[in-house]
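Residues per chain are reported as follows:
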Amino acid sequence: MLLLEVVLHGLTCAGFLARRGAIVTIYEKYSKLGGILRHGIPEFRLNKDILDSAIKKILELGINVKYNIEIGKDISLEELTSIYDAVFIGIGANIPWKMGIQGEDLHGVYGGNTLLEKQNHPDYIGKKVAIIGGGNVAMDCARTIKRLGAESVCVIYRRSEKQMPAERKEIEDAKYEGVEFLFQNNVTRILGQDKVDKIECIKTELVKKEGETREVPIDIEGSNYIIPMDYVVMAIGSAPDEDILSKFDLERTKKGYIKVDEEYRTSNEKVFAGGDVIGQKATVAYASRAGRDAVESIIKYLKK
């Protein structure tokens, strides 16, 4: 028997394992499957009917699903390893990073991943919103907030446009929809009494440092300026939920991810992991491939 805590990696892994004859059970913390595809990507980018159809085909392989159960909260990893022959953890990394600057705790500052997942948006009508970051999460936040009626949405990125990690189409779509961009700028402070009122930015220049392959942004001294702002969204990256991972008793990397070997096995021989929770590249295509690759290692272990 096999347990899968599902996001995209888990769904892919579940499907391939079922085809190989494994008895698969998915534990899903929400009432519907889909992980980041359902709870993190806006409807205008991914039609949920298409997602539902794809999931239905996977479940028709005979996969069991237990909904509204979150590993580390509703059931422990120790319990799961006592029930199942192998466990695959693919819970993702959806806790937004912070910049460590003044004002991050003011009312009106949101984490991009959490905003997309929980959909706990404030009223943006007539408001100015700054999105800090340059990846697809930043683009999704910017486009979503613009569609929700914000007066202005500005993406602030400390590098150049060509260095943005977001997909080119997402950048162009955001521009077409009226999202503004401030390249080679960085936010140094968020200002306000109890809520966001302004942000302080500083211009940057790109410098090629010795031994570095990529130009790095350096603040230009004295180039600081103030912009009126109502809301700030941090979309600079995300990390695994430390409250959950600390309960697993698994070896971790220096950056806090679950440590795995080349076969996706953790420090517990019965437990495998993949995707964002081990620090893998966070794209849909890569996630799907990673889930498929993990299957071979799990099957190999189960046949021992």
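The residue numbers shown here count from 1 along each chain, following its written sequence. Only residues with pLDDT of at least 70 get local features here, since the model is predicted, and only at 80 or more are side-chain atom pairs given and counted; chain-wide, interface and lining totals rely on the full set of residues. Processing note: side-chain calculations cover all non-hydrogen atoms of the structure and skip hydrogens and water entirely.

**Section: the overall build of the protein**
Under the convention used in this document: Secondary structure is summarised from DSSP: a helix means a run of H or I of at least four residues, a strand means a run of E of at least two, and numbering begins at the N terminus for each. Within these notes, the globule rule equals 2.2 Å times the number of residues to the 0.38 power, and the radius of gyration is based on C-alpha atoms. Categorising residues by exposure relies on relative accessible area from a 1.4 Å probe, with only protein chains included: less than 20% of the type maximum marks a residue as buried, more than 50% marks it as exposed, and the intermediate range marks it as partly exposed. Residue contacts are defined here by distance: any two heavy atoms, one from each residue, within 4.5 Å place the two residues in contact. Residue exposure ignores everything except the shown protein chains as possible cover, and the areas themselves are Shrake-Rupley values with a 1.4 Å probe. Charge counting follows a simple rule: Lys and Arg are positive, Asp and Glu are negative, and His as well as the terminal groups are ignored. Note that the charge is assigned to NZ on lysines, CZ on arginines, CG on aspartates and CD on glutamates.
A count of helical and extended segments in the protein gives nine helices and 16 strands. For 304 residues, the compact-globule estimate of 2.2 N^0.38 gives 19 Å, and the protein sits close to it at 21 Å. Referenced to the eigenvectors of the C-alpha coordinate spread, the extents of the protein come out at roughly 65 × 45 × 35 Å. For the protein, with 304 residues in total, the buried portion stands at 50%. Counted over contacts in the protein with a minimum sequence separation of 6, partners at least 24 positions apart contribute 65%. Carbon together with sulfur atoms contributes 48% to the accessible area of the protein, which is approximately 15,200 Å² in total. Treating the 44 positive side-chain charges of the protein as one cloud and the 46 negative ones as another, the clouds have centres 3 Å apart.

**Let's talk about the packing of helix α6 (residues 136–147) against helix α7 (residues 168–176)**
Think of two packed helices as two axes; the pair is described by the angle between the axes and how far apart they sit. Stated precisely, the cut-off is as follows: Helix axes are fitted only over the stretch in contact, all axes being lines through C-alpha atoms; the angle between N-to-C directions runs from 0 to 180 degrees. Angles below 35 degrees are treated as roughly parallel, those above 145 as roughly antiparallel, those between 65 and 115 as roughly perpendicular, and all remaining angles as oblique. A crossing counts as left-handed when the near helix is turned anticlockwise from the far one by less than a right angle, and as right-handed when that turn is clockwise. When residues are grouped by polarity, Ala, Val, Leu, Ile, Met, Phe, Trp, Tyr, Cys and Pro land in nonpolar, Asp, Glu, Lys and Arg in charged, and all others, Gly among them, in polar.
Relative orientation of the contacting elements α6 and α7 amounts to 20°, with a least axis distance of 10 Å. In terms of their interaxial angle, α6 and α7 are classed as roughly parallel. The handedness of the crossing between α6 and α7 is left-handed. Each of N136, M139, D140 and R143 in α6 lies in contact with α7, whose residues at this interface are E170, I171, D173 and A174. A class-by-class count of the residues in the contact of α6 with α7 yields three nonpolar, one polar and four charged.

**A short note on the pattern of salt bridges**
Test applied: Salt bridges are identified by distance alone: a Lys or Arg side-chain nitrogen within 4 Å of an Asp or Glu carboxyl oxygen.
With the rule as written, the count across this model stands at 23 salt bridges. In this structure, the salt-bridge partner of K56 is E60, at a minimum N-O distance of 2.6 Å. Classification of K56 as exposed rests on a relative accessible area of 51%. Exposure remark for E60: the relative accessible area of 54% places this residue in the exposed category.

**Concerning the sheet that holds strand β8 (residues 152–157)**
Rules: In this description, strands pair whenever DSSP reports at least two bridges between them.
Taken in spatial order, the five strands line up as β6-β14-β7-β8-β9 in an open sheet, and their pairing is parallel. With one partner strand each, in any of the chains shown, β6 (109–111) and β9 (180–183) form the two edges of the open sheet. Between one strand and the next, the sheet's axes are offset by a mean angle of 20°, whatever the strand orientation. Across five bridges, the pairing between strand β7 (residues 128–132) and β8 is parallel. Following the sheet pairing, A130 is matched in β8 by C154. Packed onto the sheet, α6 meets β7, β8, β9 and β14 (231–234) and runs at close to 165° relative to β8.

**Points about the pairing of β7**
Which entries qualify depends on this criterion: Handedness of a crossover is defined as follows: orient the strands so they point away from the viewer, and if the path from the first strand over the helix to the second runs clockwise, the crossover is right-handed.
The buried fraction of β7 amounts to four of the five residues, a majority that puts the element mostly inside the structure. The parallel pair β7 and β8 is bridged by α6, and the resulting crossover is right-handed. In the sheet, β7 pairs with β14 via four bridges, with the strands oriented parallel. Note on β14: the bridge partner recorded for A130 is V232.

**A look at the nonpolar core**
Spelled out, the test is: What we call a nonpolar core is a set of buried Ala, Val, Leu, Ile, Met, Phe, Trp, Tyr and Cys residues that are connected through their side-chain atoms within 4.5 Å.
With 41 residues, the main nonpolar core has L17, L77, I89, F248 and I258 as its most contacted residues. Secondary structure elements with two or more residues in this core: α1 (8–19), β2 (24–28), α3 (48–59), α4 (77–83), β4 (86–89), α8 (242–245), β16 (271–273) and α9 (284–302). Counting 24 residues, the second largest nonpolar core, distinct from the first, contains V129, A142, M164 and A235.

**Overview of the side chain of S223**
Short version of the rule: Pairs of N or O atoms are called polar contacts if they sit within 3.5 Å, as long as, within protein, a hydrogen donor faces a hydrogen acceptor (for residues adjacent in sequence, only side-chain-to-side-chain pairs).
Mapped onto the elements of the fold, S223 is located in the loop between β12 (216–219) and β13 (225–228). For S223, a relative accessible area of 15% puts it in the buried group. At a separation of 3.1 Å, a polar atom in the side chain of S223 contacts the main-chain amide nitrogen of K203. In contact with S223, other than residues within four places in its own chain, are C201, I202 and K203.

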